[in-house]
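Residue-level listing of the chains:
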Amino acid sequence: MKFIENIKNVWKIEELRNRIILTLGLLLVYRFGAQVTLPGIDASKLGGFAGNFDGGLGGLLNAFTGGAFANASVFALGIMPYISASIVVQLMQIAVPYLQKLQKEGESGRKKINQITRWLTIGICLVQAPSYLLGLEALGVPAEAFILGKPLWFMITSTLILVTGTIFAMWLGEKITDKGIGNGISILIMVGIIATLPQSFVQEFASRVLESNGGMIMILLELVIWFVIILACVMLVLAVRKIPVQYARRTASGEYERNIFGARQFIPLKLNASGVMPIIFAQAIMFVPSAVASMSESDWATSVQATYSDIFGLWYNVTFAILIIVFTYFYTAITVPTNKMADDLKRSGGFIPGIKPGTDTAELLDRIMSQITLPGSIFLAVLAIFPAIVVSLMGIQQGWALFYGGTSLLIMVGVAIDTMQQINSYLLNRHYDGLMKSGKNRKAVA
């Protein structure tokens, strides 16, 4: 009853209601586009091709695009080129002085960085689109699916359509962020992932129940384990280490000004400050051994290619876990500016009890971040390789196993929490109880 009451409160706020409706409408457009096949390709002959993406690297790519990759859709590249461009620009901000300058210019600098990211997205698409089209037959698309073959005009027009599809998806994401609810780009990825979830579960259900491979007991056990993994992901996303901060004297403005002596606050340092970025970096690196080995026909190269093409294999996941731990430290170091935090704290008149402001504070924050990053990185690595663990120990189908951890589940949990927090802030601003708070409703303010 409390949940239903909160949903009614969400619907009472006109601005929030309009934002939710707009978001759902734009997501519907995105899902519709994922089903539109490229001109010149017979969609009726892609059934077998789609079946090649139930697991493995192909299944991972298909999951992020919500099935558009296997449908040879106009959104086949999805939003991933934009994500790749964002990562590249973010890393370049460390080494390129021009980008560092833009970063310090505030809103105007952010707009210029976004424009650079968009142009880089187009460049990445112009490389990925022809590669995707040329590799369709190698991935399992029959030659007769190409109605008029693959002449030059088909390659040019299809490349333009794929690039336009990615740019349009990027535009949808930005509109959701500006006019809708939540982070648009993240929501598009989450919706793409969720789109493949029902089919994966139905296949697992059919395998267990209809084929008498464990029955309903195994299905219930899998759902319980899945629920526990989701709780673990929530804990990882929300876990923080609170560092107490003392303010000797602050001025608060209200009906009158008064001095507050000894006010205490906290600096929240997240256990997993890097989010899913270490997994994305590690996955990008894991494509390299297989790609390099494919250039040789030796037995050793064939073995390496087979080992690092199997995302559920032992050595793939051992290497994957190590890379995640390394990249977690790397990404945390470049995204958590402990020196800047210490300087800002000093300028605002705050200090950590028993620690001198300035350099000593920065060293303490850096040491604490290093200490909490270790368990955070190990926890993240275990969640990332958990799909391989459940496949090995429980015999779960690979498509369904992808939802037991890794990037897919962490993205879904992170986006869900972020969206809930935004909705929660709207409710609290209108003097309703939030979705994350118990108690009776208070009178709404118009």
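As the structure is a prediction and not an experimental result, all values here were calculated from the model.

Student: Pulling in residues and values, what's your account of the overall build of the protein chain?
Tutor: The secondary structure content of the protein chain amounts to 19 helices and 3 strands. Here the protein chain, with 446 residues, has 44% of them falling under the buried criterion. Relative to all contacts within the protein chain whose residues are 6 or more apart in sequence, the contacts with residues 24 or more apart total 69%.

Student: Explain empty space enclosed by the protein residue by residue, including any values.
Tutor: Evaluated as defined, the whole model comprises 1 cavity of 30 Å³ or more. In this structure, the largest cavity occupies an estimated 160 Å³ of space. When contributions to the lining of the largest cavity are tallied by element, the ones reaching two or more residues are α13 (277-293), α15 (314-335), α17 (359-394) and α19 (406-429). Ranked by residues supplied to the lining of the largest cavity, first place goes to α17 with 4 residues. Per-class residue counts for the lining of the largest cavity are 11 nonpolar, 6 polar and no charged.

Student: Requested: an account of the side chain of T37, with residues and values cited.
Tutor: With respect to the element layout, T37 can be found in the loop between α2 (14-33) and α3 (47-50). On the basis of relative accessible area, T37 is assigned to the buried category, the value being 19%. Residue contacts for T37: discarding those within four places in its chain leaves A43, L46, N71, A72, S73 and V74.

Student: Hey, could you go over the packing of aromatic side chains for me, with residue numbers and the actual values?
Tutor: Inspection of every chain in the model, using the stated rule, returns 11 aromatic pairs. On the basis of an interplanar angle of 85 degrees and a centroid distance of 5.9 Å, the ring pair of F146 and F154 is categorised as edge-to-face. Both residues of the pair, F146 and F154, count as buried. Ring centres of Y316 and F320 lie 5.9 Å apart, and the angle between their planes is 45 degrees; on these two criteria the pair is classed as tilted. Highlighted residues: Y316 and F320, both in helix α15, separated by 4 residues, approximately one helical turn. When its relative accessible area of 4% is taken as the criterion, F320 is described as buried.

Student: Tell me about the environment of S290, and please be specific about residues and values.
Tutor: Within the secondary structure, S290 is located in helix α13. Classification of S290 by relative accessible area gives buried; the value is 12%. Once residues within four sequence positions are removed from consideration, S290 is found in contact with Q305, Y308 and S309.

Student: Residue-level account of the environment of L365, with values.
Tutor: Mapped onto the elements of the fold, L365 is located in helix α17. Using a relative accessible area of 0% as the deciding quantity, one classes L365 as buried. Considering only alpha carbons, one finds L365 and T338, 27 residues apart in sequence, at a separation of 6.0 Å. The contact partners of L365, leaving out residues within four places of it in the chain, are I243, L269, T338, M341, A342 and I352.

Student: Any details on the nonpolar core? Residues and values, ideally.
Tutor: Membership of the largest hydrophobic core comes to 93 residues, with the highest contact counts inside it found for Y132 and F320. The biggest single contributor to this core is α17, with 10 residues. What F320 contacts, discounting residues up to four positions off in sequence, is I279, A282, Q283, M286, A384 and I385. Formed by 13 residues, the second largest nonpolar core is a distinct cluster that contains V245, L345, L365 and I368.

Student: Any details on the pattern of salt bridges? Residues and values, ideally.
Tutor: Tallying each qualifying case throughout the model produces 6 salt bridges. Residue E204 pairs with R208 through a salt bridge whose shortest N-O separation is 3.0 Å. In this pair, E204 and R208 both sit in helix α11 (residues 197-210), 4 residues apart, roughly one turn of the helix. Exposure class is identical for E204 and R208. Each is buried.

Student: Please provide a residue-by-residue account of α13, values included.
Tutor: One turn of the α-helix equals 3.6 residues, which is why residues spaced by three or four share an orientation. In a regular helix each residue adds 1.5 Å, so 17 residues correspond to 24 Å; α13 covers 26 Å between its end C-alpha atoms and thus fits that length. M277, P278, I279, I280, F281, A282, Q283, M286, S290 and A293 are the residues of α13 that are buried.

Student: For a nonpolar patch on the surface, give the residues involved together with the corresponding values.
Tutor: A cluster of nonpolar side chains, contributed by L314, W315, V318, I322 and V326, occupies part of the molecular surface with about 530 Å² of accessible area. Checked against the element boundaries, V326 lands in helix α15. Among the residues examined, V326 registers a relative accessible area of 48% and is labelled partly exposed.

Student: Let's hear about helix α12 (residues 215-238): which residues, and what values?
Tutor: Between its first and last C-alpha, α12 extends 35 Å over 24 residues, near the 34 Å set by a 1.5 Å rise per residue. Of all the positions in α12, only G215, M218, I219, E222, W226, I229, A232, C233, L236 and V237 are classed as buried.

Student: Go over the packing of helix α9 (residues 152-179) against helix α10 (residues 184-195), please, and point to the residues and values.
Tutor: Between α9 and α10, the shortest axis-to-axis distance is 7 Å and the interhelical angle comes to 120 degrees. By the angle between their directions, the pair α9 and α10 is classed as oblique. Across the interface between the two elements, A169, M170, L172, G173, I176 and T177 from α9 touch G184, I185, I187 and L188 from α10.

Student: With reference to specific residues and values, describe the confidence of the model for the protein chain.
Tutor: Taken residue by residue, the protein chain gives an average pLDDT of 80. The fraction at 70 or more is 89%. Looking at the elements of the protein chain, mean pLDDT is at its lowest for α3, recorded as 59, and at its highest for α9, recorded as 90. Contacts for the low-pLDDT stretch residues 254-263, under 50 throughout, to residues beyond four places or in other chains number 21 contacts. Long-range and interchain partners of residues 438-446, a stretch whose pLDDT sits below 50, account for 22 contacts in this model, where long-range means more than four residues apart.

The rules we used
- In every chain, residue numbers begin from 1 and rise along the written sequence.
- Per-residue local features of the predicted model are confined to residues with pLDDT of at least 70, and side-chain atom pairs are confined, for both listing and counting, to 80 or more; whole-chain, interface and lining totals are unaffected and use all residues.
- As a rule here, side-chain values come from all non-hydrogen atoms in the structure, and water together with hydrogens is ignored.
- A run of H or I in DSSP counts as a helix once it spans at least four residues, and a run of E counts as a strand once it spans at least two, with each numbered from the N terminus.
- To sort residues, take the accessible area from a 1.4 Å probe on protein chains only and compare it with the maximum for the residue type: under 20% means buried, over 50% means exposed, and anything in between is partly exposed.
- What makes two residues a contact is simply this: any of their non-hydrogen atoms within 4.5 Å.
- Put simply, the grid is 1 Å and covers the protein atoms alone, a cavity is a trapped set of points that fit a 1.4 Å probe, a pocket is an open set with protein on both sides within 12 Å along at least five of seven lines, and lining residues have an atom within 4 Å of a point.
- Grid points are joined across faces, edges and corners, and a volume is the space filled by probe spheres set on the points.
- Gly counts as polar in this scheme, as do all residues outside two lists: the nonpolar Ala, Val, Leu, Ile, Met, Phe, Trp, Tyr, Cys and Pro, and the charged Asp, Glu, Lys and Arg.
- The aromatic pairing rule takes the rings of Phe, Tyr and Trp, using the six-membered ring of Trp, and pairs them if the centres are within 6.5 Å, calling planes under 30 degrees apart stacked, those over 60 edge-to-face and the rest tilted.
- By nonpolar core we mean a set of buried residues, namely Ala, Val, Leu, Ile, Met, Phe, Trp, Tyr and Cys, connected to one another through side-chain atoms within 4.5 Å.
- The salt bridge definition used is simple: a Lys or Arg side-chain nitrogen within 4 Å of an Asp or Glu carboxyl oxygen.
- Multiplying 1.5 Å by the residue count of a helix minus one yields the expected span of that helix.
- By definition, no residue in a patch forms a salt bridge, and every one has over 30% relative accessible area; like charges are joined within 9 Å, nonpolar side chains (Val, Leu, Ile, Met, Phe, Trp, Tyr) within 5 Å.
- Working definition of accessibility: Shrake-Rupley area with a 1.4 Å probe, residue cover restricted to the visible protein chains.
- Where helices are involved, their axes are fitted lines through C-alpha atoms of the stretch in contact, as for all axes, and angles between N-to-C directions lie from 0 to 180°.
- The scheme is simple: roughly parallel for angles under 35 degrees, roughly antiparallel for over 145, roughly perpendicular for 65 to 115, oblique for anything else.
- pLDDT is a per-residue confidence score from the predictor, ranging from 0 to 100.

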